[in-house]
Amino acid sequence: MLYPHRAPVDELILTVLSQNTNDRNRDVAYGRLRERFPGGWPEVRDAPADEVEAAIRPGGLSNTKAARIGEILRALGDDDLAWLETAPLEKARDFLTALPGVGRKTAACVLLFSFGRPDVPVDTHVFRVGGRLGLFRPGGGFDEAHDELTRLAGGDPDDAYELHVALIRHGRRTCVARSPRCEECPLRRMCPWARAAVARHG
Ligand code: SF4
């Protein structure tokens, strides 16, 4: 069930911190950042990059992420992004993806988790599982996958959330990257990837 938290800048920074790391390290880095700068995002924005970098070090790639966080916060200025809740979805998405280093996944996380806007974030698990299940056009890329899943969600925020969560969970537990556990997968009989594997190996 989706519970929008209406803290879009928090979600934006959290998603930057989630890049190339696991949820635990992301959360440690985020917690340390908030602890180190109790004055909030304006304080982070105006802080020396090396102090931000030191705070988020547990999340990895801290140099790059500190620079990115500073760029985003400076680009936002005093904008708290509250207006994204009611702006046309495409306009809201375009605004976010025009921020430094912000792609479709990050934009969709902000829109879905902050405001319950029906945009589906596609991470590597979602992309892999959806691709194997034939939901995406082969070679279509991440942006097209975002468009397709968002279309499938049909404008329903709960469906967008469930699609995102279910595909991630399936990708972590069963449809793993290297050796998907097709023999125990309930989707096996409708999965083009599994059928092709049977055709290849018998
Ligand atoms: S059958 Fe195999 S490839 Fe298809 S979704 Fe299930 S685990 Fe993934």
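Residues numbered from 1 in each chain as written. Predicted model: local features only at pLDDT ≥ 70, side-chain atom pairs only at ≥ 80, totals over all residues.

Caption draft 1: Highlighting the domain arrangement of the protein chain. What the domain assignment lists for the protein chain is domain 1 (8–103) and domain 2 (124–201). One C-alpha centre belongs to domain 1, the other to domain 2, and the line joining them spans 29 Å. (Domains from an automatic or database assignment.)

Caption draft 2: Up close: helix 1 (residues 8–17). With respect to burial, helix 1 is a largely interior element, 7 of its 10 residues being buried. If you follow the buried residues of helix 1, they end up packed against helix 2 (23–36), helix 5 (62–76) and helix 7 (104–115). (Buried ≥ 20, exposed ≤ 12 C-beta atoms within 10 Å, placed from the backbone. Helix = DSSP H or I, 4+ residues; strand = E, 2+ residues; numbered from the N terminus. Contact = placed C-beta atoms within 7 Å.)

Caption draft 3: Focus on the nonpolar core. Ile-69 and Leu-111 are the most contacted members of the largest nonpolar core, which totals 44 residues. Ranked by residue count, the leading element in this core is helix 7, at 8 residues. For this core, the domains that each give at least three residues are domain 1 (8–103) and domain 2 (124–201). Those residues in contact with Leu-111 that lie beyond four places of it in its chain are Leu-84, Ala-92, Arg-93, Arg-117 and Asp-119. (Core = buried A, V, L, I, M, F, W, Y, C linked by C-beta atoms within 7 Å.)

Caption draft 4: Structural detail: the environment of Thr-21. Relative to the assigned elements, Thr-21 resides in the loop between helix 1 and helix 2. When the C-alpha atoms of Thr-21 and Leu-61 are compared, they prove to be 8.8 Å apart, with 40 residues separating the residues in sequence. If sequence neighbours within four positions are ignored, Thr-21 has contacts with Arg-26, Gly-59 and Gly-60.

Caption draft 5: Spotlight on helix 5. With 15 residues, helix 5 should reach 21 Å at 1.5 Å per residue; the first-to-last C-alpha distance of 21 Å fits that figure. Looking at helix 5, one finds that the buried residues are Ser-62, Lys-65, Ala-66, Ile-69, Ile-72 and Leu-73. Down the axis of helix 5, the smallest arc covering the buried residues is 130 degrees, so these residues share one side. Tucked inside the fold, the buried residues of helix 5 contact helix 1, helix 3 (41–46) and helix 4 (49–55). A positive backbone phi angle near 60 degrees is found at Gly-77, which sits one or two residues after helix 5. (Expected span 1.5 Å × (residues − 1). Arc of directions from axis to C-beta.)

Caption draft 6: Spotlight on the site of the ligand. As a matter of local geometry, the ligand sits amid 14 residues, with Cys-175, Cys-182, Cys-185, Cys-191 and Ala-194 nearest to it. Mapped by element, the contributors of at least two residues to the shell around the ligand are helix 8 (124–132) and helix 11 (192–201). Split by residue class, the shell around the ligand holds 10 nonpolar, 1 polar and 3 charged. (Near = placed C-beta within 6 Å. Nonpolar A, V, L, I, M, F, W, Y, C, P; charged D, E, K, R; others polar.)

Caption draft 7: Geometry of unusual backbone geometry. Positive phi values are uncommon outside glycine, yet Asn-20 reaches one of about 55 degrees. Inspection of the secondary structure assignment puts Asn-20 in the loop between helix 1 and helix 2. The phi torsion at Leu-81 lies on the positive side, around 65 degrees, for a residue other than glycine. You can see Leu-81 is positioned in the loop between helix 5 and helix 6 (89–97).

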